[in-house]
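Structural overview
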Amino acid sequence: MIKNYLSLFLLVFGFFSTISFGQVNANDDIFAVVYGASQVTAGNCLLNDTVNASQAQASNVIISMVSSTNPGISLSGSNVIVAGGTPQGTYSLTYKICDAANASVCDTGIVTINTKILANPDSFFAPVCGFFVGNVLGSGPDLNYIDTLNGEPAVLVSYYSQPDNVYHPATVTLNYNAIYPEILIQSNGDIFVMNPSFTGSYVLTYEICEIAHPTNCSTGYVNLTLFYPPPYAIDDYFMEIDNATGGITPSVLDNDFSPCSGGNLNTSNSYITPYTVSPGVTLNFDGTITVDSGTAPGSYYVPYTVCEFNNSCAQAAAYFAVVGVSNLVANYDSYTNYPNTTTASVLNNDTLNGNPITDSSSVLISPLSTPPTGFTLNSNGSITIASTVIEGTYVLPYKICSISNTNDCYVNYAYIVVFKNRITGKVKFDANSNGCDPGDAYLNNIKVKNVNGSSTYTSYTNYDGASNYYLIADVGNNTVSVTDLPSYFTVTPPTQTINFATAGVVASFGDFCVSINSNVNDLEVVLIPLFNVVPGLPVFYNIWYKNNGSTTLSGQVTFQFDNSKMSFLSSSPSPTNLATNTLTYTFSNLTPFESRLVKNVKFQVATPPTVDSGDIAAFSASVTPTVADATPTNNTNSTSQTVVNSQDPNDIAVHEGSTITLAQAQQDYLHYTIRFQNIGDSDAINIRVLNDLDAKLDWSTFQLVSTSHNCRVKNKNGHNEFLFEGINLPGNLNEPESHGYISYKVKPISSIALGNVISNTANIYFDYNAPIQTNTVSTTVVALGNDDFAFTNFNYYPNPVKNTLMLSNATTIDEIEISSVLGQKILSKKVNELQTELNISELSNGIYFVKITSGGQEKTVKIIKK
């Protein structure tokens, strides 16, 4: 209610009058308290009251209590006090405030005191064919993760507990906003999935209300991710096959089955992507394996992925031996040509009876499968490339058989790189600011761009281990520049241009020279997961950090992990310091553009029930110093991995997880890591990874972070191609060396919006084999927290923070909690003030989450401790 007064002073013979208005506004309040044996301060009733449009304070108002519906509810100054022993319930207190400067101007307000009811958010990750998912009330001893009434677990259905047969009456009722007919929340809070094909991520909204006072309610949210459980794929062991005749094995599907239906897998309910495993060995659509005549004798290991039509997949392998002898040997071939040319003969490095094949008429050569379009395998072993073939990498498997013994055959393949035109060059760093000279070093992993009309090609230096870049070029004008360097570096010349009149030309540019124009500190760190997290198995990470600035820096890298789920084993180098859940590595003299790796940070994952499938393993890394750092947001990096029971060695992961906030999407990078492993029994000579970016990712912001081996990167208009040429990646006989990865970052488009889903997948080619498609990762842009009236004027600063974090709000801050990215509660503080400060100087550097409670509502923000 608002009161006004008018004071009128009239000077009878004067020439003016003065009119002044006063205003007092006592706004109603709602406080939530936990009733108990001790006195409780419910809140300050003046926090939302005003005097003459200014904040009402004890110094500018006269406050008094008018009435209370319970004698235990009283006023002490401006604080509403609940006496110890007051029964829980809903009460009201009426108070009056008057302008201290004019006691006749007053207003009354009503404070409602409710029993504190809190519906905490829930997260479930569950298989769709399990039907029962969980209960919205939550479970466990930690009240931060279950729904409560008056500080005790809320009860939807009365029950008795043992021992002593204690009766627990129902205290709350449940209201569910059923926007998904396929998902049911029963009156006891149990969540059921009624449609076994309803997969995806969903947010369910429900409300619990106090039975004794039905208007006392709290809204809760359930983040629900439903997935198809993978089928059961079991290894197979087949009989020997004679290489003189070849043969076909039984289907690998014969002993595989679905966990949801319980039935065996076959071509009517599942599929296998067919591909060639080794020369002469092919996995077919139906799961059988064809072994060609002439296949080299030896033991064979054929990995496969089987997927149900709901796209849930599993991996297994088939084992068999090929027996026999061969006097003929065909070796691997590699060529680099341009369209409308013919290669040398593939026979040039093959042998018959231990001697080079000098006469092509002594053997019969034929393609093992249909050659790529535009390629012709000639009778003398040469390969003709048509003028229509586009730039790219191709494989052509072939078989040669002896004319004198047509059962004596051998198979292998030719790897052919076809290009239109090529531009090569290097980028040099003028470290001593005297102009680039022969003594200055070349830079690696620098992005270089070529623009020709509507086509833009990008690549990176050092694809060949010699600091060169290799750019594709079209006929016509090609303008090359060094791109994505910060403004405190100058590139000379800014661009270089060349015109190609025909295809098949290689041109080399003079060096680009990079110099410093101002001193800037800028460190970056990225945490690279190398394996899935599997209960009972080791897991590995790389920590990549780089000096993006123009000054030489020394400092430390820290890595936080959940020591309740895993224990640290080793890393290269070893940590400088090992705390309970934090590894620290010191570094010195990190020069501009220099990056380093802490390799193979190894942990042993605990076994069930300590760690189970579906659990979340969270990690974070940070790099210091951050004083005057140009981009402090990249001084920390975190990732969360869902624990799985089987490990797919060829996959893609997004470090930021399945959800990001709109603010993150508009400002930050998404980090992706593509992992691959050669699980065959021979080296993979060449590996190619294709990765087309989602339309909601801005491909022009793409930046390569790190690769496990030298890699030639080809980017064109959102199409990424990573070429590991001559990688010779070992197979399962050398498992530790059989792994590789690609890590990069890219920003969402500027028009990204709430609800948008960003997906990413990749295809991995091992030699001439058909591609192995990775999983698809999805990131949804969501709102963070419940930003309603309780936090309309909420502020926190500074961020990043070194010692003291300041927080303020328009309504009382009741409580503050700080948790690590691993979910461990670090600090809890009762506040009951409009503003407060937290001393966090003793916390380790890294990322933390601060949960603020005000007016029965909660808000969570992320801070960076430096």
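Along each chain, residue indices are assigned from 1 in the same order as the chain's sequence is written. For a predicted model such as this one, the threshold for reporting local features is a pLDDT of at least 70, and the threshold for listing and counting side-chain atom pairs is 80 or more; totals across whole chains, interfaces and linings nevertheless cover every residue. With hydrogens and water set aside, each side-chain value is computed from the structure's full complement of heavy atoms.

Re the state of the cysteines
- In this description, the term disulfide denotes a pair of cysteine sulfurs within 2.5 Å. Taken as a whole and assessed by the stated rule, the structure comprises five disulfides.
- The disulfide partner of C209 is C217, and the gap between their sulfur atoms is 2.0 Å. On the sign convention where negative means left-handed, the S-S torsion of about 110 degrees between C209 and C217 marks this disulfide as right-handed.
- With a relative accessible area of 27%, C217 lands in the partly exposed category.
- A disulfide bridge connects C401 with C409, and the sulfur atoms are separated by 2.1 Å. Disulfide C401 to C409: torsion about the S-S bond roughly 110 degrees, handedness right-handed. A single burial state applies to C401 and to C409, both of which are buried.
- Of the cysteine sulfurs around C45, a residue in no disulfide, the closest is that of C98, at 13 Å.
- For C45, a relative accessible area of 0% puts it in the buried group. We call a residue buried when its accessible area falls under 20% of the maximum for its residue type, exposed when it is over 50%, and partly exposed in between, using a 1.4 Å probe and counting protein chains only.

Observations concerning the pairing of strand β77 (residues 846–854)
- By the criterion of burial, β77 is predominantly enclosed, with eight of the nine residues buried.
- Direction of pairing for β77 relative to strand β78 (residues 857–865): antiparallel, over a ladder of nine bridges. Bridge pairing links T853 to E858 in β78. Under the DSSP-based scheme used, a helix requires at least four consecutive residues in state H or I and a strand at least two consecutive residues in state E, with every element numbered from the N terminus. Strands are labelled as partners when DSSP assigns at least two bridges between them.

Notes on the nonpolar core
- Counting 44 residues, the largest nonpolar core has I289, F320, F375 and I383 as the members making the most contacts within it.
- For this core, the element with the most residues is strand β32 (residues 313–323), which contributes five residues.
- Take the buried Ala, Val, Leu, Ile, Met, Phe, Trp, Tyr and Cys residues and link them wherever side-chain atoms come within 4.5 Å; each set so joined is a nonpolar core. Listed in part, the 36 residues of the second largest apolar core include L523, L530, F587 and V705.

A look at the packing of aromatic side chains
- Ring pairs are drawn from Phe, Tyr and Trp, using the six-membered ring of Trp, whenever the two centres fall within 6.5 Å, and their geometry is named by plane angle: stacked under 30 degrees, edge-to-face over 60, tilted for the rest. Taken as a whole and assessed by the stated rule, the structure comprises 33 aromatic pairs.
- An angle of 50 degrees between the planes, with centres 5.1 Å apart, marks the rings of Y301 and Y319 as tilted. With a gap of 18 residues between them, Y301 in strand β31 (residues 298–308) and Y319 in strand β32 connect regions that are remote in the sequence.
- Looking at Y301, the relative accessible area reads 16%, which means it is buried.
- Look at Y541 and F603: their rings are 6.1 Å apart centre to centre, the planes differ by 70 degrees, and that puts the pair in the edge-to-face class. Of the two residues, Y541 is situated in strand β54 (residues 538–547) and F603 in strand β59 (residues 595–605); the sequence distance between them amounts to 62 residues.

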